[in-house]
Amino acid sequence: PPWGLVQTKVELRSCLQGPSRQRRRLEEIEVTFRELEEQGIKLEQSLRGEGGKQSTYLKTQWINQLLHLVQKKNNLVSEESDLMIAVQELKLEEKQCHLDQEMRRYMDMAEELKTPQDLQAEKEILEQFLEVVQNRDKLIQVQEEKRLSELGGADLGMERRPEA
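Residues numbered from 1 in each chain as written. Predicted model: local features only at pLDDT ≥ 70, side-chain atom pairs only at ≥ 80, totals over all residues. Heavy atoms only, no water.

K.L.:
Now, about the pattern of salt bridges: what can you tell me, with residues and values included?
P.N.:
If you walk through the whole model with that rule in mind, you get 12 salt bridges. Between glutamate 93 and arginine 136 there is a salt bridge; the shortest N-O distance is 3.3 Å. In this pair, glutamate 93 sits in helix H3 (residues 56-107) while arginine 136 sits in helix H4 (residues 116-160), placing the two residues 43 residues apart along the sequence. On the basis of relative accessible area, glutamate 93 is assigned to the partly exposed category, the value being 28%. Across the pair glutamate 111 and lysine 114 runs a salt bridge, and its minimum N-O distance is 2.7 Å. Several salt bridges share partner residues, and in doing so they unite Arg25, Glu28 and Glu79 into one network. (Salt bridge = Lys/Arg side-chain N within 4 Å of Asp/Glu carboxyl O. Helix = DSSP H or I, 4+ residues; strand = E, 2+ residues; numbered from the N terminus. Buried < 20%, exposed > 50% of the residue type's maximum accessible area, 1.4 Å probe, protein only.)

K.L.:
Please provide a residue-by-residue account of the packing of aromatic side chains, values included.
P.N.:
Counted by the stated rule, this structure contains 0 aromatic pairs. Over the ring of tyrosine 106 we find arginine 105, and its NZ or CZ is 4.5 Å from the ring centre. (Phe/Tyr/Trp six-rings, centres within 6.5 Å; stacked < 30°, edge-to-face > 60°. Lys NZ or Arg CZ within 6 Å of the ring centre and 35° of its normal.)

K.L.:
Residues and numbers for the nonpolar core, please.
P.N.:
Leu26, Ile29, Phe33, Leu36, Leu43, Leu47, Trp62, Leu69, Leu76, Leu83 and Val87 together form the largest nonpolar core, which totals 11 residues. Sorting the residues of this core by element identifies helix H2 (20-50) and H3 as the ones contributing at least two each. It is H2 that provides the largest number of residues to this core, a total of 6 residues. Not counting chain neighbours up to four residues away, the residues in contact with leucine 76 comprise Arg25, Ile29, Thr32, Phe33 and Leu36. In this structure, Ile85, Tyr106, Ala121 and Val132 belong to the second largest nonpolar core, which totals 10 residues. (Core = buried A, V, L, I, M, F, W, Y, C linked by side-chain atoms within 4.5 Å. Contact = heavy atoms within 4.5 Å.)

K.L.:
I'd like a description of the side chain of aspartate 118, backed by residues and values.
P.N.:
If you trace the backbone, aspartate 118 turns up in helix H4. No salt bridge forms around the buried aspartate 118; measuring N to O, its nearest opposite-charge neighbour arginine 105 is 5.8 Å away. In this view, aspartate 118 contacts Tyr106, Met109 and Leu113; residues no more than four positions away in its chain are not counted. (Lys, Arg positive; Asp, Glu negative; His and termini not counted.)

K.L.:
Account for the side chain of glutamine 22, with residues named and values stated.
P.N.:
Here glutamine 22 is to be found in helix H2. According to the relative accessible area criterion, glutamine 22 is buried, its value standing at 12%. The residues contacting glutamine 22, other than those within four sequence positions of it, are Leu83, Ala86, Val87 and Leu90.

K.L.:
Explain the environment of glutamine 128 to me, using residue names and the numbers behind them.
P.N.:
Mapped onto the fold, glutamine 128 is located in helix H4. Sequence spacing of glutamine 128 and lysine 95 is 33 residues, and the spatial spacing of their C-alpha atoms is 9.2 Å.

K.L.:
Explain the environment of leucine 47 residue by residue, including any values.
P.N.:
Along the chain, leucine 47 turns up in helix H2. Sequence separation between leucine 47 and isoleucine 63 is 16 residues, and the spatial gap between their C-alpha atoms is 7.9 Å. Each residue touching leucine 47, except ones within four places of it in the same chain, is listed here: Lys59, Trp62, Ile63 and Leu66.

So this is what it looks like as structure tokens:
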């Protein structure tokens, strides 16, 4: 169909479903951030508070736990970023679905019956539709840049590992 127009009410409902799953996961990530922060504070206090009283082995264990918490936090930051992009993508899809429906209404009208206002509205809908497509393309570019950055970071991480 032209312009990727929505054909059925089922497709429309599918398009208009909100990003509730992503929102719930973002809330879960926020809770996990707080938990990781609390764990990190406790570990840091243990490291600072014990001074020279604890063995080097115990301090090493605490530092490793702290580094593990930082790694978990970084993973959550990355997931949160992915979810934010997904939420934006869903909003753009929803807007595109709405514009599809409006465009269909005008496309179903016979050209000779369209008023100048109808033609202007059709033109504006098309412009908005193109803007949505451009914004979705930008999100895809952001995702690709992020993916390449993460791949580059993984490569760097591997290069930094000491040889056994």
